[in-house]
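# Structural overview
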Number of protein chains: 2
Amino acid sequence: MATGARRLVPVSWRDVTVAAGFWGPRLATTRAVTLPLEYQQCQQTGRIDAFRLAWRDGDPNPPHIFWDSDVAKWIEAAAYSLAVQPDTALQAQLDEVIALVVAAQQPDGYLNVHFTVVEPQKRWSNLRDWHELYCAGHLMEAAVAHFTATGDRRLLDCLARYADYIGTVFGRGEGQRRGYCGHEEVELALIKLFRATGEPRYRDLAAYFIDERGAQPHYFDLEAAERDQKPLAPWYGPRHEYNQSHLPVRQQTTAEGHAVRAMYLYSGMADLAAETGDRDLLAALHALWADVTEQKMYVTGGVGSSGHGERFTSGYDLPNQTAYAETCAAIGLVFWAHRMLQLEPDRRYADVLELALYNGALSGISLDGRRFFYANPLLADPQRHQGSFAVERQEWFGCACCPPNIARLLTSLGEYVAAVGQGALWVHLFVNGEIRATVAGAPATVAVRTAYPWEGEVRLQVLAAPAAGLPLRLRIPAWAAGATLAVDGAPCPAVADASGYLTTPPLPAGATAVLTLPLLPRRVWAKPEVREDNGRVALFRGPLLYCLEELDNGPGVDQLAPVGELTAEWCPDLLGGVTVLRGQGRRRVSWSGELYRSTPPAWEEVALTAVPYALWQNRGVGQMAVWLPDAGQA
Amino acid sequence: MATGARRLVPVSWRDVTVAAGFWGPRLATTRAVTLPLEYQQCQQTGRIDAFRLAWRDGDPNPPHIFWDSDVAKWIEAAAYSLAVQPDTALQAQLDEVIALVVAAQQPDGYLNVHFTVVEPQKRWSNLRDWHELYCAGHLMEAAVAHFTATGDRRLLDCLARYADYIGTVFGRGEGQRRGYCGHEEVELALIKLFRATGEPRYRDLAAYFIDERGAQPHYFDLEAAERDQKPLAPWYGPRHEYNQSHLPVRQQTTAEGHAVRAMYLYSGMADLAAETGDRDLLAALHALWADVTEQKMYVTGGVGSSGHGERFTSGYDLPNQTAYAETCAAIGLVFWAHRMLQLEPDRRYADVLELALYNGALSGISLDGRRFFYANPLLADPQRHQGSFAVERQEWFGCACCPPNIARLLTSLGEYVAAVGQGALWVHLFVNGEIRATVAGAPATVAVRTAYPWEGEVRLQVLAAPAAGLPLRLRIPAWAAGATLAVDGAPCPAVADASGYLTTPPLPAGATAVLTLPLLPRRVWAKPEVREDNGRVALFRGPLLYCLEELDNGPGVDQLAPVGELTAEWCPDLLGGVTVLRGQGRRRVSWSGELYRSTPPAWEEVALTAVPYALWQNRGVGQMAVWLPDAGQA
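Below, the structure is looked at part by part. Since the structure is predicted, the reported quantities are computational estimates derived from the model, not experimental observations. (Residues numbered from 1 in each chain as written. Chains lettered and ligands numbered in written order. Predicted model: local features only at pLDDT ≥ 70, side-chain atom pairs only at ≥ 80, totals over all residues. Heavy atoms only, no water.)

### Quick look at the overall build of chain A
- Scanning chain A for helices and strands turns up 15 helices and 22 strands.
- Taken over the C-alpha trace, chain A has a radius of gyration of 25 Å; the compact-globule value for 634 residues is 26 Å, and the two agree within 12%.
- Residues classed as buried in chain A amount to 64% of the 634 residues present.
- A sequence separation of at least 24 residues applies to 69% of the contacts in chain A between residues at least 6 apart.
- For chain A, the exposed surface amounts to about 21,100 Å²; the carbon and sulfur share of it is 53%.
- Of the side-chain charges in chain A, 56 are positive and 70 negative, and the distance between the mean point of each set is 2 Å. (Helix = DSSP H or I, 4+ residues; strand = E, 2+ residues; numbered from the N terminus. Rg over C-alpha atoms; globule rule 2.2 N^0.38 Å. Buried < 20%, exposed > 50% of the residue type's maximum accessible area, 1.4 Å probe, protein only. Contact = heavy atoms within 4.5 Å. Areas by Shrake-Rupley, 256 points an atom, 1.4 Å probe, with all protein chains shown as cover. Lys, Arg positive; Asp, Glu negative; His and termini not counted. Charge placed at Lys NZ, Arg CZ, Asp CG, Glu CD.)

### Section: the relation of the copies chain A and chain B
- The two copies are related by a screw motion: chain A maps onto chain B through a turn of 180 degrees and a shift of 0.0 Å along the axis, at an RMSD of 0.0 Å. Taken together, these values place the two copies in the relation of a two-fold axis.
- Comparing interface residues between copies, 100% of those in chain A also sit at the interface in chain B, which points to an isologous, same-surface contact. (Least-squares fit on C-alpha atoms with pLDDT ≥ 70 in both.)

### Thoughts on the packing of aromatic side chains
- Per the counting criterion, the structure on display carries 60 aromatic pairs over all chains.
- Each ring, one from A:Y110 and one from A:Y162, has its centre 5.8 Å from the other, and the planes form 80 degrees; the classification is edge-to-face. Of this pair, A:Y110 sits in the loop between α3 (88-103) and α4 (114-118) while A:Y162 sits in helix α6 (residues 154-169), and the two are 52 residues apart along the sequence. A:Y162 shares its class with A:Y110; the two are buried.
- Feature note: the residues A:F22, A:W23, A:Y358, A:F430, A:Y452, A:W454 and A:W570 constitute an aromatic cluster, connected by ring pairs.
- In this arrangement the basic side chain of A:R597 is found over the ring face of A:W591, its NZ or CZ atom lying 3.8 Å from the centre.
- When the ring centre of B:W603 is taken as reference, the NZ or CZ atom of B:R586 above it lies at 3.6 Å. (Phe/Tyr/Trp six-rings, centres within 6.5 Å; stacked < 30°, edge-to-face > 60°. Lys NZ or Arg CZ within 6 Å of the ring centre and 35° of its normal.)

### Regarding the sheet that holds strand β13 (residues 512-516) of chain B
All names here are of chain B.
- Sheet architecture is open: 7 strands sit in the order β2-β6-β7-β8-β13-β10-β11, paired in antiparallel fashion. In this open sheet, the two strands that pair with only one neighbour each are β2 (16-18) and β11 (490-492). Adjacent strand axes in the sheet meet at a mean angle of 25 degrees, parallel and antiparallel pairs treated alike. (Pairing = 2+ DSSP bridges. Axes fitted to C-alpha atoms, helices over the stretch in contact; angles between N-to-C directions.)

### What to know about the interface of chain A and chain B
- Facing the 54 residues of chain A at the interface are 54 residues of chain B.
- For the pair chain A and chain B, the summed buried area comes to about 4,200 Å², and 49% of that belongs to carbon and sulfur atoms.
- Per-residue buried area on chain A facing chain B is highest for A:R531, A:L595 and A:Y596; these three make up 21% of the total on that side.
- Counting across the interface, chain A meets chain B through 4 salt bridges.
- Between A:R531 and B:D558 there is a salt bridge, and its shortest N-O distance comes to 2.5 Å.
- If you look at where chain A meets chain B, you find 20 residue pairs in polar contact (both at pLDDT 80 or more).
- Of all the secondary-structure elements, those providing two or more residues to the side of chain A that touches chain B are α11 (279-295), β14 (522-526), β18 (578-588) and β19 (596-597) of chain A.
- With 5 residues, β14(A) is the single largest residue contributor to the side of chain A that touches chain B.
- In the side of chain A that touches chain B, the residues fall into 19 nonpolar, 17 polar and 18 charged. (Buried area = accessible area lost by both parts, 1.4 Å probe. Salt bridge = Lys/Arg side-chain N within 4 Å of Asp/Glu carboxyl O. Polar contact = N/O pair within 3.5 Å; in protein donor to acceptor, adjacent residues only side chain to side chain. Nonpolar A, V, L, I, M, F, W, Y, C, P; charged D, E, K, R; others polar.)

### Comments concerning the sheet that holds strand β8 (residues 457-464) of chain A
All names here are of chain A.
- Spatial ordering of the open sheet is given by β2-β6-β7-β8-β13-β10-β11, a layout of 7 strands whose pairing is antiparallel. Of all the strands in the sheet, the pair left with one neighbour each is β2 (16-18) and β11 (490-492). Between one strand axis and the next, the sheet turns by 25 degrees as a mean value, whatever way the strands run.
- Bridging between strand β7 (residues 442-450) and β8 involves 6 bridges; their strand directions are antiparallel.

### Examining the pairing of strand β13 (residues 512-516) of chain A
Residue and element names in this part refer to chain A.
- Among the 5 residues in β13, 4 count as buried, and that is most of the element.
- The pairing of β8 with β13 spans 5 bridges and is classified as antiparallel. For V458, the partnering residue across the bridge sits in β13 and is L515.
- When strand β10 (residues 484-487) meets β13, the two strands line up antiparallel, connected through 4 bridges. In the strand pairing of β13, A486 is matched with V514.

This is how it looks when you write it as structure tokens:
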């Protein structure tokens, strides 16, 4: 049920089945391939055994300050997975890991491997840099997922004890530290813990961390002074922009600093606003949302354009080749958009959620579930000395945040599909499967049959409904002008209201609504202020952004201007089944000898094939381009 | 007289007067402002007093390994200047500095401040990194300039002694080191020393350094092993590409590594080929010339696109905003082109020389002679976090190679104007002033009157000629189709031969040839392979590249597409008198709200004013763009 300002409550991932269609095979691969691989990586790199607390001074491979979070995200993903698909091997691994984690908790409730065995004397001495509360937050999220999946309270109780201990250390009371974490995460995790346990003190601790952030005198300066260090590390910005503590959060109007941190903070702020209805928080969130989506977001839904500091830069600074657009940041944007949608049912949040999910986040993992992008460029050229990092997915990273993050996003995909509010079932994402909710106090079940986004037809069959019928609120994406609706074969008005959602009549059990979204290939332009995209055009079909790969188009893909109409073609044997876009293009013809000349280049006509951006680099390493020359005027 | 393969011998800077016109005021400023300022900087930073050898362990400000070269370039520039314009203050400074340098020479002939007072035990122990022979080379160039300017042998004899000592240390004989310098320079300097003294051993030492480069076993590896260091510093490339020792020079076909080093090496190679007629060396030079000018040279004549290693990268990798294009590298290209021209009278060398001189080199110094660019980007935006380095000229640099380098280029400008060969006087550059040469054993003097490159008329009045008359060979730049010639008012055929030079009839004293070059504004396109320039156009008039500055055009200068004809307008009060280009342009109109949309942007018409690239950033800090959207098809 909605509390405070929370107007839509998501249907839990536990109650949404995702099967077949676009996502079913991807989730199956995540379960069958990615989760075991990530367990293996965590095992081989020592991340899991680290919880045995056996490391001693002089031993090799000291547990790193952020290892706990990698294991926590794996636990979270495994829990999501097990709840909807039993797997005895995974269950055994999960039980073993959880037992290790629980056993690693200290008598006072503290739970962090690095600061228990490697540098115990430095506990809480550098909140700015050392991810201690960040790791705590990820363990809390894991605990809530595990409890929700299994009903087993072991990890939940363990993390609740840790949260209680954290609550004694931090706060405004006598003898407490007025600190907060340099890498936000614990805030949204504490709200999850509050919702799972019903204990308001966790919400209040989240509120403390959010409210205290950026207060003066600045905690990170005081803390640095205690360590006899200069107040600011060089990349932190003149006022701690790097970790969003340059101002109290309610005064922040522009997205600054490390993008993942920003996304997690804004998610926590939205969670808190959902609980408290805090209008100042909401106003800040609105300003930040506008700043990100109107000036600082790639057309992939990626955010954080600079690899230097993994951060936001100035407005419209969205270079394509050097785009950082970390996978975790796009995932964070999914989180934040999802929470904004709970506060305000408005498709602009769901459209961004869908954009980031289908493009900038999904690009982070290979089709076979084995390799990962950390950075997600929009223009790739292996010849241009980028290093393999940005042009080829990797098996793992020393800083391994992205692989388990994409795993937990995919295994909890159901969470983002639907919500309940205002007596209706809201459908945000068109995902083949089943949605089981409670609407107006009664069970409401909807089977969704769709090949979206390959095809535009979405069949929603009501399997169970309240006595008065089940009104569906269906999102009409902003790009989907001309959508149509039929109920039990009869055309209905398909007009979305100001929220961007259309409302069906109350549907009885057995009724079927068919929403048809037109999936015409379309061109998209960026605001001219985005220098690198000016004079260029991007190709979409539905929510999917397309790109050109060298494999299909030869070298110089970023110089190939689409001309005229594009056609969509289903290729069942390509990339696991994919709709490609085909059309004519043209490119400038080169000449020999002199590099510069006074006659303009001639044009040659060439065929053009575009594949979904999220699926690039699944067939080898080569050039890739999203933004193509705009030959629109030709 | 031409020796070996040297087909054109430049008329010495000593015998060319540069006055009024385009260059006169710039050279006057160099003399009146830049040379005193650079003396002052060398003085204040301790570079000059370092030659007193008074530094002792524990003292502050230890003389740096490359300080000697900064002072040497200042001496060289001061000598050029004094020879054509007496200046008692400058003369006194020069005498004082030269006395210090000469006094710093060690009994064995060695002459290097750092390795005399700071790390004497490390003499010759790291040729790869420590610039020892590079400093020697610059001192030799200074000595030759000073001797040529004054007839005073003090510095020349000193450096000849040093060269003799170097010749005992390095070579293939018993007990000699088979080394060569990591930063080439001494090679071309030794050829200058050979030409000034007539001593073949200096030519032979230059030949040794050039021939030994890149031989196996690799000297820098052996040397590193002696220092117990890993063979390669990380940025040196897998095979010492950084300093062009990855292969013997005759096997090099692509320009690699640090651009200034490459230009100095290729210059030295061309000097050696001029003396020896070595065909293999010439073949390598041809391949390198094609590689640089057909794939790796900015339209400014700048080379070395990457600031990481100040180096060449792969072909067509010429990013505009991050262009390094070091001032010294453009100067080095002037040096190299000038030497190629001596080997082969062909305008393609002179055209590149002129391009680099009027654009990528000249941009390195402010109009007032007080500030310098180290990097010369083709796209500047102060908002884009580049640091002031690339968007605003600086007063000095810790690594101060560029300021004295541009000073010595400008003060020796006369050297590049004309040459003697095949019984004719060749005029490469159209510079207002006077050329005094010896042709066919007789004095030949030509007064040149021109406002080029502001105006296309070049009047060449013969003041003295051999009895049979003086044939002039006048360069017709590749862009100057439609050039006309008149002799004493009568039209003559103005057809250049295969060399790109036209030949006048033998002119008697008193005759006047008037060459008129059409200076129509023109558009230039880059090969489509240059990604950042594809779909873009650059503007030229004569040899001058133009650019748009924010000051004249408002923000978003790189988005302003020129449309239709451009007109040239002389503005006597702007930038010391400048011809600007004016025309119509158009740019895409922005919208509010969403960053991406499915309707193309509209266009707005705007007026456009372009100024010479070399003169940008003389009126404050702002955006600048060279490559503009190509609206040619509109």
